[in-house]
Amino acid sequence: MNAVILAGGFGTRLQPLTDTACKPMLSVGNMPMIDYTISHLWEAGVRDFVFTLGYKPEQVIDWCIGYTGAQCRFSVEHTPLGSLGGVKAVEPFLKEHFFVISGDIIEDINLYALAHKHITSGAKITMAVVEVEDSSQYGVVEMDGWGKVTGFIEKPIFGGKGLVNTGVYVVDKNVLLEVPSDVKMDFAKDLLPMLVERGELSAYIHDGYWQDLGTIGNYFTTNFDLINGGFFKNAPNSFRDKRQGIRVKGEFNNLVASKASVFGRIRNSIVAPNATVMQNANINNCIVLDGAFVRGEHHNSIIAPHFVLPVDILPNYKSEHTAIYDYGF
């Protein structure tokens, strides 16, 4: 199997972070967001990757050509084609069964189990679903006892717990025969409802970690979920600076890049390469991005070279998640 990574979105909800960086290359735990996706697929034995790109594509290309032992192909969309249209555009490169993964999520879905569920279900597409506490921002997935998807409820008004689409699929290539070329189309809107009507969409329930990084709040908390590293061993990349993330042991759990300069007080914070925390600085629960110069006192904030972005989150956020692998440095 190979994999399509959808990495072309503008990341509008993540502005101003995405003013200068495309969403898949935003730093999460001092590593590019997309690296967690590739490392997960790598752990599952995937070595053939196809990227659908749009906004600032060169940033993704410059990083991903560094994966040694992998075949990486890139499709740059000058006009957005949507998630399904983008996959249709790379149809010639796809194998009989392939993964599709959104480039703005981090998860630890059992890809082996997902693929097995797909093969045994006889469905055209199998989607990984996960239960969330508040389903009001998502489309809720309805399914029967055998895992066949029977319908969707789009953003239920009263929310509550519900199963939602994770943005991770296993797809039969022949389903693309029904998709027109060079037309903007999306999986959720244009294809999945049709497959539901025909009984050709199945679901695999994931009960582990899943986070959609489409908002500032989710981006912020996910950084701290991954302060000790990712869930999977890093895929080999010749551009990875192994000194990029080192944990500073002590009273507080900080992640400081070796190329950062820290003179002030930091607590439960992440400091990126080429950032400087001055002697008069006192930061707590902060993410300091590449090249930032920090003075004064900051709490629950993202600090960049040209702005400080306070994040509306509970004070002293503590992750409930433990990564399997640390950085090992």
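In what follows, the structure referred to is the one given above.
For the structure given in this document, a descriptive report is provided here. None of the values given here were measured: they were computed from a predicted structure. (Residues numbered from 1 in each chain as written. Predicted model: local features only at pLDDT ≥ 70, side-chain atom pairs only at ≥ 80, totals over all residues. Heavy atoms only, no water.)

### Quick look at the overall build of the protein chain
Counting its regular elements, the protein chain contains 6 helices and 23 strands. Whereas a compact globule of 329 residues would reach a radius of gyration of roughly 20 Å, the protein chain reaches 20 Å, a difference of no more than 12%. Reported as C-alpha extents along the three principal axes, the dimensions of the protein chain are approximately 65 × 45 × 35 Å. Counting all 329 residues of the protein chain, 55% fall into the buried class. Sequence-distant contacts in the protein chain: of pairs separated by 6 or more residues, those separated by 24 or more amount to 62%. Carbon and sulfur atoms form 51% of the exposed surface of the protein chain, whose accessible area is close to 15,000 Å². Charged side chains in the protein chain number 27 positive and 35 negative. The centres of these two groups are separated by 6 Å. (Helix = DSSP H or I, 4+ residues; strand = E, 2+ residues; numbered from the N terminus. Rg over C-alpha atoms; globule rule 2.2 N^0.38 Å. Buried < 20%, exposed > 50% of the residue type's maximum accessible area, 1.4 Å probe, protein only. Contact = heavy atoms within 4.5 Å. Areas by Shrake-Rupley, 256 points an atom, 1.4 Å probe, with all protein chains shown as cover. Lys, Arg positive; Asp, Glu negative; His and termini not counted. Charge placed at Lys NZ, Arg CZ, Asp CG, Glu CD.)

### What about the environment of Val183?
Along the chain, Val183 falls in the loop between β11 (162-172) and α5 (187-197). Val183 sits in the partly exposed class, given a relative accessible area of 34%. A sequence separation of 101 residues divides Val183 from Gly82, and the C-alpha atoms of the two residues are 8.4 Å apart. With near-sequence residues (within four places) excluded, Val183 lies in contact with Leu81 and Gly85.

### Notes on unusual backbone geometry
Here Gln15 and Pro16 are connected by a cis peptide whose omega angle stands at 10 degrees. Locating Pro16 in the fold gives a position in the loop between β1 (2-7) and β2 (27-28). A positive phi angle is found at Asn30, which is not glycine, with a value near 65 degrees. Inspection of the secondary structure puts Asn30 in the loop between β2 and β3 (31-32). Accessibility expressed as a relative area gives 2% for Asn30, which makes it buried. With phi around 50 degrees, Asn268 is a residue other than glycine that occupies positive phi space. Residue placement: Asn268 occurs in the loop between β17 (265-267) and β18 (270-271).

### A short note on the side chain of Thr126
Tracing the sequence through the fold places Thr126 in strand β8 (residues 125-132). Overall, the relative accessible area of 0% leaves Thr126 in the buried class. There is a polar contact of 2.5 Å between the side chain of Thr126 and the side chain of Ser202. Setting aside residues up to four positions removed in sequence, Thr126 forms contacts with Leu114, Lys117, His118, Ser121, Val168, Tyr169, Val170, Ser202, Ala203 and Tyr204. (Polar contact = N/O pair within 3.5 Å; in protein donor to acceptor, adjacent residues only side chain to side chain.)

### What about the packing of aromatic side chains?
One pass over the structure, following the stated rule, counts 8 aromatic pairs. In this structure an aromatic cluster arises from ring pairing among Phe49, Phe51 and Phe74. (Phe/Tyr/Trp six-rings, centres within 6.5 Å; stacked < 30°, edge-to-face > 60°.)

### Examining the pairing of β8
Of all 8 residues that make up β8, 7 are buried, and the element is covered over most of its length. Relative to β11, β8 runs antiparallel, the two being bridged by 7 bridges. When the bridges of β11 are listed, Thr126 appears paired with Val170. (Pairing = 2+ DSSP bridges.)

### Quick word on the pairing of strand β4 (residues 48-53)
Where burial is concerned, most of β4 is hidden: 6 out of the 6 residues are buried. With 5 bridges joining them, β1 and β4 adopt parallel strand pairing. Its bridge partner being in β4, Val4 is matched across the sheet by Val50. The pairing of β4 with strand β5 (residues 71-76) spans 6 bridges and is parallel. Pairing of Phe51 across the sheet is with Phe74, part of β5. Handedness of the crossover joining β4 and β5 through helix α2 (residues 57-64): right-handed. (Right-handed = clockwise from strand over helix to strand, strands pointing away.)

### Points about the pattern of salt bridges
The final tally for this structure, using the stated rule, is 7 salt bridges. Asp35 serves as the salt-bridge partner of Arg240, at 2.5 Å between the closest nitrogen and oxygen. In this pair, Arg240 is assigned in the loop between α6 (216-225) and β14 (246-248) and Asp35 in helix α1 (residues 33-43), connecting sequence segments 205 residues apart. Residue Arg240 is classed as buried on the basis of its relative accessible area of 12%. Using a relative accessible area of 2% as the deciding quantity, one classes Asp35 as buried. The closest approach of N and O atoms between Glu91 and Lys88, which form a salt bridge, is 2.8 Å. A single salt-bridge network, built from bridges that share partners, covers Glu178, Arg198 and Glu200. (Salt bridge = Lys/Arg side-chain N within 4 Å of Asp/Glu carboxyl O.)

### Focus: the sheet that holds strand β16 (residues 261-262)
Within the open sheet, the 3 strands sit side by side as β16-β19-β21. Their pairing is parallel. Of all strands in the sheet, those bounded by a partner on one side alone are β16 and β21 (293-294). With 2 bridges joining them, strand β19 (residues 276-277) and β21 adopt parallel strand pairing. Counted as the bridge partner of Thr276 is Phe293 from β21.

Purely geometric numbers; function is a separate question.
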